[in-house]
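In case you want the letters, here they are:
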Amino acid sequence: PSASALATRSTVPSTTSLFFFGQPKDDGSPGDYLCKDCGYVYTKGPEAWAKETDKYKCPPCGAPKFRFKKVPKGSSSGKVEVKKSWF
């Protein structure tokens, strides 16, 4: 290709979009955090949740922090059902 063709190609904006994995950042709105594995509900709020390190574990079942999902405040019963271990 000629130099002018290369120059033209480099000025065309890229249509490639970046994809990020994981949960979106918390917006700080009121809510609880529900363990997807056992149903435990973390009710201390977004500020306390943000201060928890990535090493935080679910108290009843030991699931890591990324296994929690944010739910509207008071929407979960908090009934914990610890699943049987594979071992």
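Refer to the structure printed above.
Residues numbered from 1 in each chain as written. Predicted model: local features only at pLDDT ≥ 70, side-chain atom pairs only at ≥ 80, totals over all residues. Heavy atoms only, no water.

A. Quick look at the sheet that holds strand E1 (residues 32–35). Strands sit in the order E2-E1-E3 across an open sheet of three strands; the sheet is antiparallel. Since the sheet does not close on itself, it has two edges, and those belong to strand E2 (41–42) and strand E3 (68–71), each with one partner. Looking at chain direction, E1 and E2 are connected through two bridges and run antiparallel. What sits directly across from Leu34, in E2, is Val41. (Pairing = 2+ DSSP bridges. Helix = DSSP H or I, 4+ residues; strand = E, 2+ residues; numbered from the N terminus.)

B. View of the side chain of Asp32. Within the fold, Asp32 resides in strand E1. Look at Asp32 and you get buried, because its relative accessible area is 4%. A polar contact of 3.0 Å, which involves the side chain of Asp32, links it to the side chain of Lys73. If we skip the residues at most four places from it in the chain, Asp32 touches Val41, Tyr42, Thr43, Lys69, Lys70, Val71, Pro72, Lys73 and Gly74. (Buried < 20%, exposed > 50% of the residue type's maximum accessible area, 1.4 Å probe, protein only. Polar contact = N/O pair within 3.5 Å; in protein donor to acceptor, adjacent residues only side chain to side chain. Contact = heavy atoms within 4.5 Å.)

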